[in-house]
Amino acid sequence: MAVSDQTSDTHFMRVALDLAHQAFRAEEVPVGAVLVKDGKIFATGFNQREGTQDPTAHAELMAIRSASMALGSWRLTETTLYVTLEPCAMCAGAIIQARIPRVVFGTWDPKAGACGSICNLTAEPRFNHRVKVDSDILADDCRSILQSFFQNLRSTQAVPTP
């Protein structure tokens, strides 16, 4: 990866982290996503499953929906999706369907990740579209906000012992 790519990746991942913080404040799992085209942000999203009671309201899908509406097309070619957590199977499928050529994520998801952790849908040769995936951009920061969220959730849901 060229230095300028790494600098851009870090910049856009910081924006995704800001969105993850918005999700955290909204008591959502803190994941943020940014869709970039021609070096400019044109769509963002963060997890909104709790607020919307919609199981598909993941950060990636929120950004993809917004981008598709803004462009007037479901084909999101020539874009890069930045997301703080490795996409799940649903989101990886949407990325493939939207023809997004590149995904950059912060931290791995060993329980639900579909870009290399549990499976790698984005590299599946039987699909008609493959996605270049780069990982570990600001991984510590992305992991830390998730850990803080779940530690906080566990402490507030603790059942007192008799």
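This text gives an overview of the structure that appears in the document.

1. A short note on the packing of helix 3 (residues 59-71) against helix 4 (residues 89-97)
It is at 9 Å that the axes of helix 3 and helix 4 come closest, and there the two elements cross at 25°. In terms of axis orientation, helix 3 runs roughly parallel to helix 4. Here the hand of the crossing between helix 3 and helix 4 comes out left-handed. Each of Glu60, Leu61 and Ile64 in helix 3 lies in contact with helix 4, whose residues at this interface are Met90, Cys91, Ala94 and Ile95. The residue makeup of the contact of helix 3 with helix 4, split by class, is 6 nonpolar, no polar and 1 charged.

2. Remarks on the environment of isoleucine 95
As for its position among the elements, isoleucine 95 is in helix 4. Looking at isoleucine 95, the relative accessible area reads 0%, which means it is buried. Every residue in contact with isoleucine 95, bar those within four places of it in the chain, is listed here: Ile64, Leu81, Pro87, Ile100, Val103, His129 and Val131.

3. What about the packing of aromatic side chains?
Both the distance between ring centres and the angle between the ring planes are used here to describe each pair of aromatic rings. Enumeration over the complete set of coordinates arrives at 4 aromatic pairs. Ring plane angle 75° and centroid distance 5.6 Å describe the contact between phenylalanine 24 and phenylalanine 149, whose orientation is recorded as edge-to-face. One end of the pair, phenylalanine 24, is in helix 1 (residues 3-25); the other, phenylalanine 149, is in helix 5 (residues 139-156), and 125 residues separate them in sequence. Under the relative-accessibility criterion, phenylalanine 149 is labelled buried at 8%.

4. A look at the nonpolar core
Ranked by size, the top nonpolar core spans 25 residues in total, and within it Leu35, Ile64, Leu76, Leu81, Ile95 and Ile100 carry the most contacts. Within the residue set of this core, elements represented by two or more residues are strand 1 (32-37), helix 3, strand 3 (79-85), helix 4 and strand 4 (102-107). Among the elements that make up this core, the one with the highest residue count is helix 3 (5 residues). Residues in contact with leucine 81, not counting those within four places in the same chain, are Ala33, Val34, Leu35, Glu60, Ala63, Ile95, Ile100, Arg102, Val103 and Val104.

Basis of the calculations
Residues numbered from 1 in each chain as written. Predicted model: local features only at pLDDT ≥ 70, side-chain atom pairs only at ≥ 80, totals over all residues. Heavy atoms only, no water. Axes fitted to C-alpha atoms, helices over the stretch in contact; angles between N-to-C directions. Helix = DSSP H or I, 4+ residues; strand = E, 2+ residues; numbered from the N terminus. Parallel < 35°, antiparallel > 145°, perpendicular 65-115°, else oblique. Left-handed = near helix turned anticlockwise from the far one by under 90°. Contact = heavy atoms within 4.5 Å. Nonpolar A, V, L, I, M, F, W, Y, C, P; charged D, E, K, R; others polar. Buried < 20%, exposed > 50% of the residue type's maximum accessible area, 1.4 Å probe, protein only. Phe/Tyr/Trp six-rings, centres within 6.5 Å; stacked < 30°, edge-to-face > 60°. Core = buried A, V, L, I, M, F, W, Y, C linked by side-chain atoms within 4.5 Å.

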